[in-house]
Each structure stands twice: as C-alpha cells, then as structure tokens.
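Single-letter residue listing:
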Amino acid sequence: MNRKTLIALKTLTWIACLSPFALLVYEAVTNTLGPDPTSTITLTTGYNALLMLILSLGITPLRLLSPRLSWLIRFRRLLGLFAFFYASLHLATYIALYMNFDLGVFKTDITKRRFIIAGFLAYSLLVPLAATSTTWAIRKLGGKRWNRLHKLVYFAAICGIIHYWWQVKPGVLSPMRLTIALFVLLAARPVLLLIQKRRARRAVAA
Ligand code: HEM
C-alpha cells in the first residue's frame, strides 16, 4: 500500500465516520430532527457507536485472512476511537436531555432498567480502551499487557448488543444485522488464529 493511497483511504474513513455527526448537526440547525429530537440523537449516536465498534473488530480477522491486508491495522484505532466518540455523545445526550442532569433519574435507571445497566457496562469497558489507545500507553503497558487489556473490546461489543436488544420493543429485529456480524467475527477469530499458526509452522518447517 503506497503512502498516497493510504492517505486517501484515511481521509475517506474520516469523512464516513464523521458524516452521521455532521448530519445530526445539520438536522439540529435546520430543525429537522423529527418529532422526538432527543430520541433521534440518542438512537443515531448509539447505533453508530456500536457499528464502528464492530467494524473495528473486523480488522483483525481480515488481517489474519491474508498477510497482504496487514495495512488495515492503521484503521483499527481510528474506528475504535470513533466508536468511543459516538458512545460519549450518546451518554452525554442521555445525561443532558433524558436525565436533565438529575442524578436521581440515573440512580433509578441504573437499578431498574436492565438495558441501561448493559449500556453503562459497555461504556465502562470502552473507557480504559480509549484511554490506552496512544502509542505512549502501548509502550508503557508493554505489548502483552496492552493486548490482554484490549480483549475487553469483545465484551464491550457483546454488552452493546445486549443493550440494543433490551432497548427495542419485543418482536423488533433491527439489532439482528449487527448481532450476526459480531457472531461471525467472534466465531471466525479462533479458526483464523489456527490457520495462521499452521501457516507459521509450515514456514518454519520449510
Ligand atoms: C451509560 C451508558 C449508556 C446509556 C445511559 C444509554 C442509553 C440509551 C438509551 C436511553 C437508548 C434509547 C433511546 C431511545 O429509545 O430514544 C439507547 C439506545 C441505544 N444505545 Fe445506548 N446507552 C449507553 C451506552 C451505549 C453504548 C456504549 C453503546 C454502543 C457500544 C450503545 C448503543 C445503543 C444502541 C445501538 C441503541 C439503539 C439504537 C437504535 O435503535 O437504532 N449505548 N441507549
């Protein structure tokens, strides 16, 4: 992958990841967020947080599939940080527009509404990952410990999916697509790791 193509792909990724936010800002300014603006903002930010998290999880399996795709690693951190950006906007909308900064509402929600508990858990798992996403943090923690910590991303995605299912009305199947995507990624990982190990063993033997 040459430098020019990489820069072009990175620019496209930035544009794609920022476009849901830009659209929300545009709709807010033009007063076209629909009959329930709070819900529109919460649903858009929540969906994009989970989508980008799952897309970031797709990078490793693709790299394991072919060594020629190793350049994709440069996009994993970007997608992960955009997932955190949307999750933070999502939480900020909840705190400001749903809760009205009333801690009492949060206390009731976190103890009584199971989908809020799952969302809170997902967000709590994303915080240490975002905080240790810098090259400095990788060096400070050491590759092994950093990798172990970053396995939390799978649990964050699972909690996000549970949060999504528990949030929709019974019979609504909108979370199915992202659930299948996550399931495929989780199932593919051990298989691809095994293939990679065999490939390495064969290379050593040769
Ligand atoms: C403390 C943390 C969180 C709180 C309080 C929270 C709250 C909410 C609320 C109130 C809704 C429903 C909005 C409505 O019906 O109008 C919602 C939906 C949603 N949230 Fe969260 N959430 C949290 C964390 C997260 C995280 C970390 C993710 C993703 C990784 C996420 C993904 C979603 C998704 C996918 C939806 C449904 C979107 C749709 O139906 O299109 N949430 N959340």
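Look a little higher up for the structure.
What you see as residue numbers is a count from 1 along each chain, following the sequence as written. In keeping with the model being predicted, local features are shown solely for residues with a pLDDT of at least 70 and side-chain atom pairs are shown and tallied solely at 80 or more, while totals for entire chains, interfaces and linings include all residues.

So, on to the overall build of the protein chain. Think of it this way: any DSSP run of H or I at least four residues long counts as a helix, any run of E at least two long counts as a strand, and we number them from the N terminus. Helix and strand counts for the protein chain come out as nine helices and zero strands. What you see in the protein chain, going N to C, is helices and strands ordered as α-α-α-α-α-α-α-α-α. Principal axes of the C-alpha set define a box for the protein chain whose edges measure 65 × 40 × 40 Å. The contact rule is simple: place each C-beta atom from the backbone, and if two of them lie within 7 Å, those residues are in contact. Looking at the protein chain alone, contacts between residues at least 24 apart form 68% of all its contacts between residues at least 6 apart.

Time to look at the site of the ligand. The criterion for a residue being near a molecule or strand is a backbone-placed C-beta atom within 6 Å of that molecule or strand. Taken together, the neighbourhood of the ligand is formed by 24 residues, with S39, G46, G119, A122 and G160 sitting nearest. Mapped onto the shell around the ligand, the elements with two or more residues apiece are helix 2 (37-65), helix 3 (73-98), helix 5 (114-131) and helix 8 (152-167). Considering every element that reaches the shell around the ligand, the biggest residue donor is helix 2, with eight residues. Gly is placed with the polar residues, together with every amino acid not listed as nonpolar (Ala, Val, Leu, Ile, Met, Phe, Trp, Tyr, Cys and Pro) or charged (Asp, Glu, Lys and Arg). In terms of residue class, the shell around the ligand is built from 15 nonpolar, nine polar and no charged.

Looking now at the nonpolar core. The term nonpolar core refers to a group of buried residues, namely Ala, Val, Leu, Ile, Met, Phe, Trp, Tyr and Cys, whose C-beta atoms join them within 7 Å. Exposure classes come from backbone-placed C-beta atoms, where a residue is buried if 20 or more other C-beta atoms lie within 10 Å of its own, exposed if 12 or fewer do, and partly exposed in between. Of all hydrophobic cores here, the largest spans 28 residues; its most connected members are M52, L53, I54, A83 and A157. Ranked by the residues each element gives to this core, the list is headed by helix 2, at eight residues.

It is worth spelling out the environment of L57 at this point. With respect to the helices, strands and loops of the structure, L57 is situated in helix 2. On the basis of neighbour counts, which here come to 22 C-beta atoms within 10 Å, the residue L57 falls in the buried class. Considered as a pair, L57 and A28 are 29 residues apart in the sequence and their alpha carbons are 31 Å apart. Beyond its immediate chain neighbours, meaning those up to four positions away, L57 contacts V153, A157 and L185.

On to the packing of helix 1 (residues 3-29) against helix 2, then. Two elements in contact, helix 1 and helix 2, have axes separated by 11 Å at closest approach and are oriented at 180°. The angle between the axes of helix 1 and helix 2 places the two elements in the roughly antiparallel class. In this structure, helix 1 uses C17, P20 and L24 to contact helix 2, whose residues at the interface are I41, T44, N48 and M52. Here the residues of the contact of helix 1 with helix 2 sort into five nonpolar, two polar and no charged. Between N-to-C directions, angles cover 0 to 180 degrees, with each direction set by a line fitted to C-alpha atoms, over the stretch in contact for helices. When describing relative orientation, an angle under 35 degrees is termed roughly parallel and one over 145 degrees roughly antiparallel, while 65 to 115 degrees is termed roughly perpendicular and anything else oblique.

We now examine the packing of helix 3 against helix 5. Packed helix pairs are characterised by how far apart their axes lie and by the angle those axes make with each other. In the contact formed by helix 3 and helix 5, the axes pass within 10 Å of each other and the chain directions differ by 135°. Judged by the inter-axis angle, helix 3 sits oblique to helix 5. Regarding helix 3 and helix 5, the two cross each other, and that crossing is left-handed. Along its contact with helix 3, which presents G80, L81, F84, A87 and L91, the element helix 5 presents Y123, L126, L129 and A130. Crossings are assigned a handedness: left-handed for a near helix turned anticlockwise from the far helix by less than a right angle, right-handed for a clockwise turn.

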